[in-house]
Amino acid sequence: MGVLDRVVNIDDMRNAARSRLPGFVFEGMERGNGDGNARNVEALERYRFTARALVDAVQPALSVDLFGRRHAFPMGISSVGLASAFRPRADELLASAAREADVPFILSGAANASVETIARIAGDNAWFQFYGTAKREVTERVIRRAGDAGIKVLVYTVDFPISPRNEVMVRKGVSLVRPLGWTGIRRNFLDAVMHLPWALEFLRGGGPQKLDAWVPFAPPGADVGGVLGAYRDLCFHNQTWQELEHARRVWPGKLVIKGIVHPDDAARAVDMGVDAVTVSNHGGIKLECMAPAIDSLAPVVAAVGGRVPVFFDGGIRKGAHVLAALCLGARYCFGGRYTLYGVSAAGQAGVARSLEIMKSDIAFNMAMMGCPSVAELGPQFLAPGSREAA
Ligand SMILES: Cc1cc2nc3c(=O)[nH]c(=O)nc-3n(C[C@H](O)[C@H](O)[C@H](O)COP(=O)(O)O)c2cc1C
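Residues numbered from 1 in each chain as written. Predicted model: local features only at pLDDT ≥ 70, side-chain atom pairs only at ≥ 80, totals over all residues. Heavy atoms only, no water.

J.: I'm lost on the packing of aromatic side chains in this one. Help?
T.: Geometry of an aromatic ring pair is reported as the spacing of the ring centres plus the angle between the planes. Counted by the stated rule, this structure contains 14 aromatic pairs. Judged by centre distance (6.4 Å) and plane angle (70°), the rings of Tyr-131 and Phe-236 are edge-to-face. Taken together, the residues Tyr-131 in strand E5 (residues 126-131) and Phe-236 in the loop between helix H11 (224-235) and helix H12 (241-250) connect sequence positions 105 residues apart. Relative to Phe-217, the ring of Trp-214 has its centre 5.8 Å away and its plane inclined at 50°; by these criteria the two rings are tilted. Phe-217 matches Trp-214 in its accessibility class, with the two residues each being buried. A network of ring pairs unites the aromatic residues Phe-67, Trp-127, Phe-311, Tyr-332 and Phe-334 as a single cluster. (Phe/Tyr/Trp six-rings, centres within 6.5 Å; stacked < 30°, edge-to-face > 60°. Helix = DSSP H or I, 4+ residues; strand = E, 2+ residues; numbered from the N terminus. Buried < 20%, exposed > 50% of the residue type's maximum accessible area, 1.4 Å probe, protein only.)

J.: I tried to follow the site of the ligand on my own but got confused; where do I start?
T.: Near the ligand there are 20 residues, and of these Ser-78, Ser-79, Ser-108, Asp-313 and Gly-315 occur at the shortest range. At 2.6 Å, a backbone N or O of Ser-79 approaches an oxygen atom of the ligand. Separating an oxygen atom of the ligand from a side-chain N or O atom of Arg-317 is a distance of 3.0 Å. Starting from 600 Å² of accessible surface for the ligand in isolation, the protein chains cover 94%. Class assignment of the residues belonging to the shell around the ligand gives a composition of three nonpolar, 13 polar and four charged. (Near = heavy atom within 4 Å. Polar contact = N/O pair within 3.5 Å; in protein donor to acceptor, adjacent residues only side chain to side chain. Areas by Shrake-Rupley, 256 points an atom, 1.4 Å probe, with all protein chains shown as cover. Nonpolar A, V, L, I, M, F, W, Y, C, P; charged D, E, K, R; others polar.)

J.: Would you mind going over the side chain of Ser-354 with me for this structure?
T.: Turning to its location among the elements, Ser-354 is positioned in helix H16 (residues 337-369). Overall, Ser-354 belongs to the buried group, its relative accessible area being 0%.

J.: Looking at this structure, how should I read the pairing of strand E8 (residues 276-279)?
T.: In summary, the side chains of a regular strand alternate between the two faces of the sheet. Burial along E8 is two-sided: Ala-276 and Thr-278 facing one way and Val-277 and Val-279 facing the other are all buried. The pairing of strand E7 (residues 254-260) with E8 spans four bridges and is classified as parallel. Note that in E8 the partner of Val-256 across the bridge is Ala-276. Following the chain from E7 across helix H13 (residues 263-271) to the adjacent parallel E8, one finds a crossover that is right-handed. In this structure, E8 lies alongside strand E9 (residues 310-313), joined through three bridges in parallel fashion. Considered in E9, the bridge of Val-279 is made with Phe-312. Remark: the E8/helix H14 (residues 297-304)/E9 crossover connection has right-handed handedness. (Pairing = 2+ DSSP bridges. Right-handed = clockwise from strand over helix to strand, strands pointing away.)

J.: I would appreciate a short explanation of unusual backbone geometry in the present structure.
T.: Trans peptide bonds make up most of the peptide bonds, and negative phi angles are found at most residues other than glycine. Although it is not a glycine, Arg-89 adopts a positive phi angle of roughly 60°. Within the element layout of this structure, Arg-89 appears in the loop between strand E3 (75-77) and helix H4 (90-101).

J.: Before we go on, may I ask you to explain the state of the cysteines in this structure?
T.: In protein chemistry, a disulfide is the covalent bond that joins the sulfur atoms of two cysteines. This model, assessed by the stated rule, comprises zero disulfides. You can see Cys-333 has no disulfide; the closest cysteine sulfur is in Cys-327, sitting 10 Å from it. (Disulfide = S-S within 2.5 Å.)

J.: What is the right way to look at the side chain of Asp-91 in this model?
T.: Within the secondary structure, Asp-91 is located in helix H4. For the buried Asp-91, no salt bridge exists, and the shortest N-O distance to an oppositely charged side chain is 9.3 Å, to Arg-89. (Lys, Arg positive; Asp, Glu negative; His and termini not counted. Salt bridge = Lys/Arg side-chain N within 4 Å of Asp/Glu carboxyl O.)

J.: How should I be thinking about the pattern of salt bridges in this particular structure?
T.: Once their charged atoms are close, side chains differing in charge can pair, the charge on each being opposite to the other. Evaluated as defined, the whole model comprises 17 salt bridges. When the shortest N-O distance is used, the salt bridge between Arg-165 and Glu-288 registers 2.9 Å. Of this pair, Arg-165 sits in the loop between strand E6 (153-157) and helix H7 (167-171) while Glu-288 sits in the loop between E8 and H14, and the two are 123 residues apart along the sequence. On the basis of relative accessibility, which here comes to 43%, the residue Glu-288 falls in the partly exposed class. With a closest N to O distance of 3.8 Å, Asp-233 and Arg-232 form a salt bridge. Of the residues examined, Arg-232 reaches a relative accessible area of 30% and is grouped as partly exposed. Beyond isolated ion pairs, a larger network of salt bridges with shared partners links Arg-20, Arg-87 and Glu-201.

J.: What am I meant to see in the packing of helix H2 (residues 23-30) against H16 here?
T.: A packed helix pair is summarised by two numbers, namely the angle formed by the two axes and the spacing between the axes. Running from N to C, H2 and H16 point in directions that differ by 160°, and their axes come no closer than 11 Å. In terms of orientation, H2 lies roughly antiparallel with respect to H16. For the element pair H2 and H16, the recorded crossing hand is right-handed. Between H2, through Phe-26, Met-29 and Glu-30, and H16, the contact on the second element is made entirely by Arg-337, Leu-340, Tyr-341 and Ser-344. In the contact of H2 with H16, the residues fall into four nonpolar, one polar and two charged. (Axes fitted to C-alpha atoms, helices over the stretch in contact; angles between N-to-C directions. Parallel < 35°, antiparallel > 145°, perpendicular 65-115°, else oblique. Left-handed = near helix turned anticlockwise from the far one by under 90°. Contact = heavy atoms within 4.5 Å.)

J.: I keep staring at the nonpolar core and nothing clicks. Help me out?
T.: What tends to happen in soluble globular proteins is that the nonpolar side chains get buried as a cluster. Grouped together as the largest cluster of nonpolar side chains are 130 residues, with contacts concentrated most on Trp-214, Val-277, Phe-312 and Leu-377. Tallying contributions element by element places H16 first for this core, with 12 residues. (Core = buried A, V, L, I, M, F, W, Y, C linked by side-chain atoms within 4.5 Å.)

J.: Any chance you could explain helix H3 (residues 36-45) here in plain terms?
T.: An α-helical turn contains 3.6 residues, so a residue and the one three or four places further along point in the same direction. Among the residues of H3, Gly-36, Asn-37, Asn-40, Ala-43 and Leu-44 are the ones counted as buried. For H3, the angular spread of buried residues about the axis comes to 130°, placing them on one side. Where H3 is buried, its residues touch H2, E9, helix H15 (319-327) and H16. (Arc of directions from axis to C-beta.)

J.: Whenever I open this one, the packing of helix H1 (residues 10-20) against H16 confuses me. Can you help?
T.: At a closest axis distance of 10 Å, the pairing of H1 and H16 adopts a crossing angle of 175°. In terms of orientation, H1 lies roughly antiparallel with respect to H16. Listed contacts from H16 to Ile-10, Met-13, Arg-14, Ala-16, Ala-17 and Arg-20 of H1 are Tyr-338, Tyr-341, Gly-342, Ser-344, Ala-345, Gly-350, Arg-353, Ser-354, Ile-357 and Met-358. Counted by class, the contact of H1 with H16 contains nine nonpolar, four polar and three charged residues.

In structure tokens:
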């Protein structure tokens, strides 16, 4: 019996990923400094819908136009760094599945794969994410390289001025900035051995991998840790609005700001000329006791006032969660973990299944809701009580 045979929803996929990965790897994906990830999911579960009867919505139109390009359905794959810890060549597998499903795939600036490889695999389904750096010439080189590779949409993340923390990982002796160095593996040897298929594939894949985009900025010949150090030193710093302004000046393509939760920040970014705003709290791993991401969506949508599209991520595990965000005014949704579960559990086939689950879930719920197209979703489909949030 195959791993995917019993996978009906994203919770099943999460369980399959959890079985395959050692605890110190799974927890690195799951947790931050507390339970913000779980809170993101719980908050989305609060939404209640109403439905219209006798509407022809049996085959709802799911496609969405983003920057003049139609995508198959309103849920893409968000940027996740260091993904080869979950499965060797995870970036490539995620990108291939996104191209096949025809949704955007955002390559993390902290990815192991090169932007050239991913642009080749995913074409204009590939977007590129990065953090502004402490050095303008470095930022310009990173941006120029993405443009030269054919990337049209740049995602500028603004949520981590300092290195993230993860108490579970610290307890297991694995640091988030040096995840899966050999020290971490030695300290969790038994855990790794108990998950032999993962361990063997990890070793066959060459063990810990460098962050491709930062190799040119590390000392010549730097190892995995040396490149991570260069990334950390350049990206985690006192980030400023001036840096965003600079990126806007030097990047001629579409610019998305990701990691916004405050309406005033959203309005300021739009004034500076960004082309879209992504409401995100980095999957709940940013700030202790932070509000769930979905709670920030409606205020940001109001502040942006339709000037640019608003995207949303954080806690989406089912189609109804996507519908809640779209009813609250998001144009498009993204997720990190739902496809990481897929790639961890079963490689590209797992990612394809996660995407298919999301797509069919969205279509099923829209048909039941009596909503014939994504463009018609809005607060009118939220039940009283949920509607006040919009
Ligand atoms: C393991 C992991 C690594 C991540 N790495 C990045 C990153 O490099 N850049 C970034 O902008 N966001 C990163 N994120 C945040 C995701 O892009 C996204 O905002 C988040 O996963 C959404 O929440 P969800 O996982 O509940 O869907 C990461 C998230 C996870 C779980």
